[in-house]
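So you can see what is in the structure, the chains are spelled out below.
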Amino acid sequence: MEIRSGWLVRLAMAAAVAFAPAAPLAATAPTAAPTQPLDLFDLGAPSFTTFTTRDGLPDPVAVTLATDRQGMVWVGTPHGLAWYDGNRWHPLDDPALHGYISQLFVDDAGTLWACGSAFGLARYDGRHWHVEGAADGLTTSHVRRLVETDHPGGKRLWAVSPSDGLFYRDHGRWRADPGNAQLPHAGFLVLAQTRDLFGHPRLWAGSGSSGLWYREDEGPWQRFSAADFRAGNGLAYLLATRHEGQDALWVSVYNSGLWRLDEHGVRHWSVDSGELPTDVLYNMVETPVAHGEHALWASSRNGLIRIYHDKVQVFDRRHGLPSNALRGVSTWRSPNGTDVLWAATEDGVARATVDEGKWKTVSLLGAHQTGVLAVLVDHDPQGNERLWAGSDGDGLGLYERGHWRYFNKAGGQLADADVNMIARADDTEGHASVWLGTGAGRLLRVRDDATFEPVATPWPRQPGQRLNDMLSRRIDGAVEQWFATDASGVHRLRDGVWTSFRPDGVVGTWSVVKLLAQTTAYGHAWLWATSNQGLARFDGKQWTLLGRDIGLPGTDLLGVQLIPDARGRPILWLGSTRHGVIRVDISDPLKPRTLPADLPPSPDLTTDGALADAGGRIYVCTDSGVQVLSPEAGRYRSQVFTVRDGMVNNECNPNAQFIDTHGRFWTGTLGGLMVHDPDEQKPDHDAKPLKLIQVKLDDQAMSGDRYTIPPGHHELHVDFALLTWQHEDESRFRTWIEGFSKAPGAWTADNFREIGALPAGDYVLHVEGRDHAGNLSQPLLLPLTVEPYWWQHLWARLLFAGAGIIAICALWAWRTLALRRRQHALERRIDARTTALNDANRQLLELSRRDALTGVFNRRWLMESLQAIHDQRRGAVASMIFIDVDHFKHFNDSFGHLVGDQALRSVAETIGRCLPADAVLARYGGEEFACLLPDTELPAAHELAEKIRTEVARHAAHDAARTTRQITISVGVACRRLESEADVEILLRKADEAQYEAKRAGRNCVRDASPGA
């Protein structure tokens, strides 16, 4: 699709006004700007990248983390140290530094320190570790923590020993603090400094058994007490912060939570106050946030705790952390100013960027089922921006004034647990309101006080009768409301009268997904709707069903959006279940025309629709991530975002997308609600450090400024790393040998170079690195010298000159043969590695076809198998069996999700044992399964379905305690000869309808689809 630029684009935008969609009345917030936009930092969760033992961590439990002056990340575990080279973690092979590492600390000079149970204290100079001891003035090997404070002339480094008190470092030596004698022998663990808290500079010390102590200047130590400070003993950590000239002291206490002392008094967070998930907190760090704000982060036994504007938020495994138990948290500021947060957990390490990132997790509503189904950003009556989120199973969430409110069935506010539509539209009197649609077909109007008014509707209220969409429009001076339902088509309310519509040509259930209004340049009003049977058009009197007659590649459609092209033509962008994005030109609504499929490939054929922002970006939600199409050089540039970019789940939900007035894109996924703010993407133009990790000759480590290779057959192995803090898998390297190669090699992901036989001489190995943003790093230059054989020296050449040209030629021929053998051996190794890679790729392909829980095929493979039968054996007969586990939500609620998961696996195994070899069994979604039976007529399929039903009922599910749980299923069977694409869709729809008929018949039964189209 071509895009004009310059004045042509402006002309096109002006022309687009004539064909603009008739915007649903009050579909978005009024033009008055809200008093304050939603704070995405407060609302969103960090996007975590995790590292486990699979990434080289020597121990699943991580205790402490730090980033040294070179940008290398170090982790302390209960058994020693490990470091991260930008690609993998490597254990430190130094017996002197084994044992429990309680803290890693980087001082103001950039020196990395480690406190360990076995060695006490060690210092890293950038190349080697040095254990500090009596020779350095440190008279104890029991050092728990290091702290740095301000001191006249610079910084002072303190070592805190629970057994021997405080030590400070002075000109390279440790000295015991004279005030140690004043401290009780109570195992002091923490230390901090404030400048003017309580009017004077103070040094604070905390003990696990004797509370909080302080001293002013060099005065005596005193125990701190205050009327509101009842922390008790068990102090775990102290952190001093300073903002706008004011100090604050944060105190974590094992048995009473978190305390803050500042000019305003004492603030306390705890389990008893309902603000903390646990009172067991470890260390704390503070990070800056946009607009001069700051956030405090604390590691705890029950998640990563963030305090922002005095509000507590907790992030745990649901947000991507490898474990809920965190031992430590640290921060590091990257060269481009990005604050990187590291978390040490009991099942690995996690990393996130602070106040930055393409995607933020906003809510985990419905994550235990199918996530967030609807989203709306509008404003309250006072003009404050607010967020609505509807979910599957968890009801409705409302975020306003910095807090979430929840409305659900359990609380009595809603009659249904599923909210799958949220819209802002006018009522028939022209008054704007927020409207809710539920999974059982209920319509609710939201009052100003956030209570809900049920609205009488003509369609039946029952499970599966989802209210998908609504819009309001003014026709002939009257406001009419339109509604799209999942099981009973389209309905209109006008002048108090309800009218139901069903176009000619509809077969069975007409499921309508989305509505869109359009007014042409001549003032004629049209309505468009996407449905399970194609695109529908309303001309003011009747609906007309459109499908392959206008060039649609398929008729199972999802979302719809009108996005004018560069010439101002109105184009409908349609989502579909099997054909990606479909575009239809409706310049003449009576003659719609499907456009060629020339967009960049979609990451998945199931696309929910498209939304365009004011900057020309088009967001396409799919089952495999979000695709952003940006105008560039006359076409669209594609960028796909997935869980690797911070999304909580790759699969979007239809009708759960929204672009707010600030250009931020919101989408509901199976894992919760996400938001993408393109303005938060900080340009990355900084070169990352390219580091030499190690050089080995024949597996023996080498060091020095020049690497000498003896004559003979030797192998030089060089490891290097690009120290970036995000998207390491996109780092690329290339190498070349100056004096041997004429040009650099290709960019690859290999962070090593192996060098075999080289002719005698001097060379330079060039190593170049490139990060995910394309930034080139300063190259590494490694001088190499390959020593000649003894007979290659000048004296040897003179000695053998008389032997003649024949002997010399023979010698060189032998040498060339040896080089060729070496080359052949290297080629054989490359072939072996290529074969192993191909085998791994085949295994990954098989995993992509399987459902992770049950081990059977997934829905995508089922659809590909069905399509393959149609494409390769047109006219073949196929049967489809749809299976739904009866009352599975009640089963989950009664026995728990673990038992529910085991029940699904048991059902899948039982079904599989009943099927013939050529059948395809897939998990269709949730508790639904589907069986594709090639070359099987309806009677045989029915007989097999009845066998499956009987076997499932007979083989009851068992939980971990071997308690019997009865399981039954409802089964629908359909058979079809696959002559065309329509037959494929009819087969699926018929099987689905038969399954619903089995449910209506009382469940635990088999029903066949009725014959006919």
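Just so it is clear, the structure is predicted and the values come from calculations on it, not from any experiment.

Cut-offs used in this document
Residues numbered from 1 in each chain as written. Predicted model: local features only at pLDDT ≥ 70, side-chain atom pairs only at ≥ 80, totals over all residues. Heavy atoms only, no water. Helix = DSSP H or I, 4+ residues; strand = E, 2+ residues; numbered from the N terminus. Rg over C-alpha atoms; globule rule 2.2 N^0.38 Å. Contact = heavy atoms within 4.5 Å. Areas by Shrake-Rupley, 256 points an atom, 1.4 Å probe, with all protein chains shown as cover. Lys, Arg positive; Asp, Glu negative; His and termini not counted. Charge placed at Lys NZ, Arg CZ, Asp CG, Glu CD. Buried < 20%, exposed > 50% of the residue type's maximum accessible area, 1.4 Å probe, protein only. Arc of directions from axis to C-beta. Axes fitted to C-alpha atoms, helices over the stretch in contact; angles between N-to-C directions. Parallel < 35°, antiparallel > 145°, perpendicular 65-115°, else oblique. Nonpolar A, V, L, I, M, F, W, Y, C, P; charged D, E, K, R; others polar. Salt bridge = Lys/Arg side-chain N within 4 Å of Asp/Glu carboxyl O. Pairing = 2+ DSSP bridges. Core = buried A, V, L, I, M, F, W, Y, C linked by side-chain atoms within 4.5 Å. Polar contact = N/O pair within 3.5 Å; in protein donor to acceptor, adjacent residues only side chain to side chain. Left-handed = near helix turned anticlockwise from the far one by under 90°. Patch = residues over 30% accessible without salt bridge, like charges linked within 9 Å, V, L, I, M, F, W, Y side chains within 5 Å. Expected span 1.5 Å × (residues − 1). Phe/Tyr/Trp six-rings, centres within 6.5 Å; stacked < 30°, edge-to-face > 60°. Lys NZ or Arg CZ within 6 Å of the ring centre and 35° of its normal.

## Looking at the overall build of the protein
So, step 1. Each helix and strand counted, the protein has 9 helices and 72 strands in total.
So, step 2. Whereas a compact globule of 1013 residues would reach a radius of gyration of roughly 31 Å, the protein reaches 34 Å, a difference of no more than 12%.
So, step 3. With the C-alpha coordinates of the protein rotated into their principal frame, the extents come out at 100 × 95 × 70 Å.
So, step 4. Sequence-distant contacts in the protein: of pairs separated by 6 or more residues, those separated by 24 or more amount to 53%.
So, step 5. When the accessible surface of the protein is split by element, carbon and sulfur atoms take 51% of a total near 44,800 Å².
So, step 6. Once the 104 positive and 124 negative side-chain charges of the protein are each reduced to a mean point, those two points are 3 Å apart.

## Let's talk about helix α6 (residues 888-895)
So, step 1. Within α6, the full set of buried residues consists of F888, F891 and N892. Along α6, the residues classed as buried sweep out an arc of 95° about the axis, all on the same side. For α6, exposure combined with an orientation more than 90 degrees from the buried face picks out H890 and D893.
So, step 2. Positive backbone phi, at 100°, marks G896, one or two positions downstream of α6.

## Here's the deal with the packing of α6 against helix α7 (residues 897-914)
So, step 1. The geometry of α6 relative to α7 is characterised by a closest axis approach of 7 Å and an angle of 135° between their N-to-C directions. By the angle between their directions, the pair α6 and α7 is classed as oblique. Side by side, α6 and α7 meet where F888, F891, N892 and F895 of the first sit next to H897, V899, G900, A903 and L904 of the second.
So, step 2. In terms of residue class, the contact of α6 with α7 is built from 6 nonpolar, 3 polar and no charged.

## Observations regarding the pattern of salt bridges
So, step 1. What the rule picks out here adds up to 60 salt bridges.
So, step 2. Here E997 and R1000 are joined by a salt bridge, their closest N and O atoms 3.4 Å apart. One end of the pair is E997 and the other is R1000, both in helix α9 (residues 981-1000) and 3 residues apart, which spans about a single turn.
So, step 3. What you see here is one network of salt bridges that share partners, running through R260, D262, R267, E275 and D310.

## Overview of the sheet that holds strand β59 (residues 707-709)
So, step 1. With mixed pairing, the 4 strands of this open sheet are ordered in space as β59-β64-β63-β61. With partners counted over all chains shown, the strands left at the sheet margins are β59 and β61 (732-738), one partner each. Averaged over all pairs of adjacent strands, the angle between strand axes in this sheet comes to 25°, irrespective of strand direction.
So, step 2. Across 3 bridges, β59 lies against strand β64 (residues 780-786) in parallel orientation.

## Things to note about the sheet that holds strand β57 (residues 690-697)
So, step 1. Judged by pairing direction, the sheet is antiparallel, and its 4 strands sit side by side in the order β58-β57-β60-β62 without closing on themselves. The open sheet has two edge strands with one neighbour each: β58 (700-702) and β62 (752-755). Put simply, the sheet's adjacent strands are angled 25° from each other on average, direction ignored.
So, step 2. Pairing of β57 with strand β60 (residues 716-722) involves 7 bridges; the strand directions are antiparallel. Directly across from L690, in β60, lies its bridge partner L722.

## Regarding the nonpolar core
So, step 1. Ranked by size, the top nonpolar core spans 31 residues in total, and within it L212, L238, L249, W250 and L258 carry the most contacts.
So, step 2. At the level of elements, β14 (188-194), β16 (211-216), β18 (235-243), β19 (246-253), β20 (257-262), β22 (281-288), β23 (294-300) and β24 (303-308) are the ones that each hand at least two residues to this core.
So, step 3. Looking at which element gives the most residues to this core, the answer is β19, with 5 residues.
So, step 4. Excluding its chain neighbours within four sequence positions, the residues that come into contact with L249 are A192, T194, L197, W204, L212, L238, L239, A240, W259, R260 and L261.
So, step 5. Membership of the second largest hydrophobic core comes to 30 residues, among which are L43, V372, A374 and L414.

## Quick word on the side chain of Q518
So, step 1. Assignment of secondary structure puts Q518 in strand β42 (residues 512-519).
So, step 2. A distance of 2.9 Å separates the side chain of Q518 from the side chain of W528, its partner in a polar contact.

## Some points on the pairing of strand β26 (residues 326-333)
Each regular strand shows side chains that alternate between the opposite faces of the sheet.
So, step 1. Where β26 and strand β27 (residues 339-345) come together, 7 bridges link them in antiparallel fashion. Within β27, the position partnered with S330 by the bridge is W342.
So, step 2. Taking the residues that link successive antiparallel strands as the turn, the β26-β27 hairpin has 5 residues, and the phi of G337 there is positive, at about 90°.

## Regarding the pairing of strand β53 (residues 635-641)
So, step 1. Relative to β53, strand β52 (residues 625-632) runs antiparallel, the two being bridged by 7 bridges. Directly across from P631, in β53, lies its bridge partner Y636.
So, step 2. If you look at the hairpin formed by β52 and β53, you'll find 2 residues sitting between the two strands, and A633 has a positive phi there, around 55°.

## Re the packing of α7 against helix α8 (residues 938-954)
So, step 1. Interhelical geometry of α7 versus α8 gives an angle of 140° and a closest axis separation of 9 Å. By the angle class used here, α7 and α8 are oblique. Where α7 crosses over α8, the handedness of that crossing is right-handed. On the side of α7, the interface is formed by V907, T910, I911 and C914, while α8 contributes L944, K947, I948, E951 and V952.
So, step 2. Tallied by class, the residues present in the contact of α7 with α8 amount to 6 nonpolar, 1 polar and 2 charged.

## A word on unusual backbone geometry
In terms of backbone geometry, most residues other than glycine have negative phi values and most peptide bonds are trans.
So, step 1. Not every positive phi belongs to a glycine, and E244 is a case in point at roughly 50°.
So, step 2. On the secondary structure map, E244 appears in the loop between β18 and β19.
So, step 3. Taking the relative accessible area as the measure of exposure, E244 reaches 82% and is therefore exposed.

## Structural notes on a nonpolar patch on the surface
So, step 1. Residues W790, W795, L799 and F800 make up a contiguous nonpolar surface patch of about 490 Å² in total accessible area.
So, step 2. Note that F800 resides in helix α3 (residues 794-800).

## Here we look at the environment of T735
So, step 1. Within the element layout of this structure, T735 appears in strand β61.
So, step 2. On the accessibility criterion, T735 (14% relative accessible area) is buried.
So, step 3. With sequence-adjacent residues up to four places away left out, T735 is seen in contact with F720, P744, G745, R753, L765, H766 and V767.

## Observations regarding α7
So, step 1. Taking 1.5 Å per residue, 18 residues should reach 26 Å; α7 reaches 26 Å between its end C-alpha atoms and fits that length.
So, step 2. For α7, the set of buried residues is V899, G900, A903, L904, S906, V907, A908, T910, I911 and C914.

## Describing the packing of aromatic side chains
So, step 1. Across all of its chains, the model carries 43 aromatic pairs by this definition.
So, step 2. Plain terms: the ring middles of W359 and F641 are 5.7 Å apart, the flat faces sit at 65° to each other, and that makes the pair edge-to-face. Separated by 282 residues along the polypeptide, W359 in strand β29 (residues 359-363) and F641 in strand β53 bring together distant segments of the chain.
So, step 3. F641 sits in the buried class, given a relative accessible area of 1%.
So, step 4. Centre to centre, the rings of Y619 and F665 are 4.3 Å apart; their planes meet at 5°, and the pair counts as stacked. Here the residue Y619 occupies a position in strand β51 (residues 618-622), and F665 occupies one in strand β55 (residues 665-669), the gap between them amounting to 46 residues. An identical accessibility class is assigned to Y619 and F665; each is buried.
So, step 5. Aromatic ring contacts, followed pair by pair, group F198, W204, Y214, F224, F229 and W259 into a single cluster.
So, step 6. Against the face of Y168 rests R156, its NZ or CZ located 3.9 Å from the ring centre.
So, step 7. Across from the ring centre of W573, 5.7 Å away, lies the NZ or CZ of R583, which sits over that ring.

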